[in-house]
Amino acid sequence: MTWLPDDFVHPLRVVLPDGYHLRPITGDDTELDHPAVMGSRERLWSIYGEAWGWPSATMTVEADRADLVRHAEEMVAHESFNYALLDDAGTALLGCVYIDPPRKAGFDAEISWWVVDERVGTPLEAALDALVPRWIAEDWPFEHPCHIGHDLSWKEWLALPDLV
């Protein structure tokens, strides 16, 4: 049994207010992703470091590209999903949304997201915070998703029992 129905088609574009959108990330996004991630690396490590070991302090452009290619392949296989948050022109990557199969008991999906440091506390972050739970509820086939960092903290999530 897989975590998604066989006939599920993942969204290819999700519009946010004020000229922003989400779309599946690809290896071609490396030139936008790498500076976004590394420019926010300290804060991202404080969020994802203990759970994922990401982003490393020495992540190269080549390592980032390999990671993005892997994410794109996982999306095609419906194993996990990474959506880039972009301006409408597609010239700035401003964050990401991750939709993953559950690693912890009690959930059927684990969702997390971030914005770059300069967008923390802005209307864009507020719009993403409002959109993601609604989008997941409306467009994804999950009954018990966990919005890590929102429904519960990363520390609380890490303390939950792992699926066996």
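Because the structure is predicted, anything quoted here is derived from the model rather than measured.

Caption draft 1: How the structure looks around the packing of aromatic side chains. Taken as a whole and assessed by the stated rule, the structure comprises 17 aromatic pairs. Centroid distance Trp54 to Tyr98: 6.2 Å. Interplanar angle 80°. Geometry classified as edge-to-face. A residue pair is termed long-range when its members are at least 10 positions apart, and Trp54 in the loop between helix H2 (41–52) and helix H3 (61–76) and Tyr98 in strand E4 (residues 93–100) qualify at 44 residues. On the numbers, 4.9 Å between centres and 75° between planes, the contact of Phe81 with Trp140 is edge-to-face. With a gap of 59 residues between them, Phe81 in strand E3 (residues 81–87) and Trp140 in the loop between helix H4 (123–139) and strand E6 (145–147) connect regions that are remote in the sequence.

Caption draft 2: Just H3, in detail. Its 16 residues give H3 an end-to-end C-alpha distance of 23 Å, which sits within 8% of 22 Å, the value for a rise of 1.5 Å per residue. All of the buried residues along H3 are Asp64, Asp67, Leu68, His71, Ala72, Glu74 and Met75. With its buried residues spanning 160° around the axis, H3 presents them on a single face. Along H3, the residues that are exposed and aim more than 90 degrees away from the buried face are Glu62, Glu73 and Val76.

Caption draft 3: Focus on the pattern of salt bridges. Inspection of every chain in the model, using the stated rule, returns seven salt bridges. Between Arg65 and Glu31 there is a salt bridge whose closest N-O contact spans 2.8 Å. Placement of Arg65 in helix H3 and of Glu31 in helix H1 (residues 30–39) is noted, with a sequence separation of 34 residues between them. Three or more residues joined by partner-sharing salt bridges are found here, namely Asp67, Arg70 and Glu74.

Here is what the cut-offs are and how they apply
Residues numbered from 1 in each chain as written. Predicted model: local features only at pLDDT ≥ 70, side-chain atom pairs only at ≥ 80, totals over all residues. Heavy atoms only, no water. Phe/Tyr/Trp six-rings, centres within 6.5 Å; stacked < 30°, edge-to-face > 60°. Helix = DSSP H or I, 4+ residues; strand = E, 2+ residues; numbered from the N terminus. Expected span 1.5 Å × (residues − 1). Buried < 20%, exposed > 50% of the residue type's maximum accessible area, 1.4 Å probe, protein only. Arc of directions from axis to C-beta. Salt bridge = Lys/Arg side-chain N within 4 Å of Asp/Glu carboxyl O.

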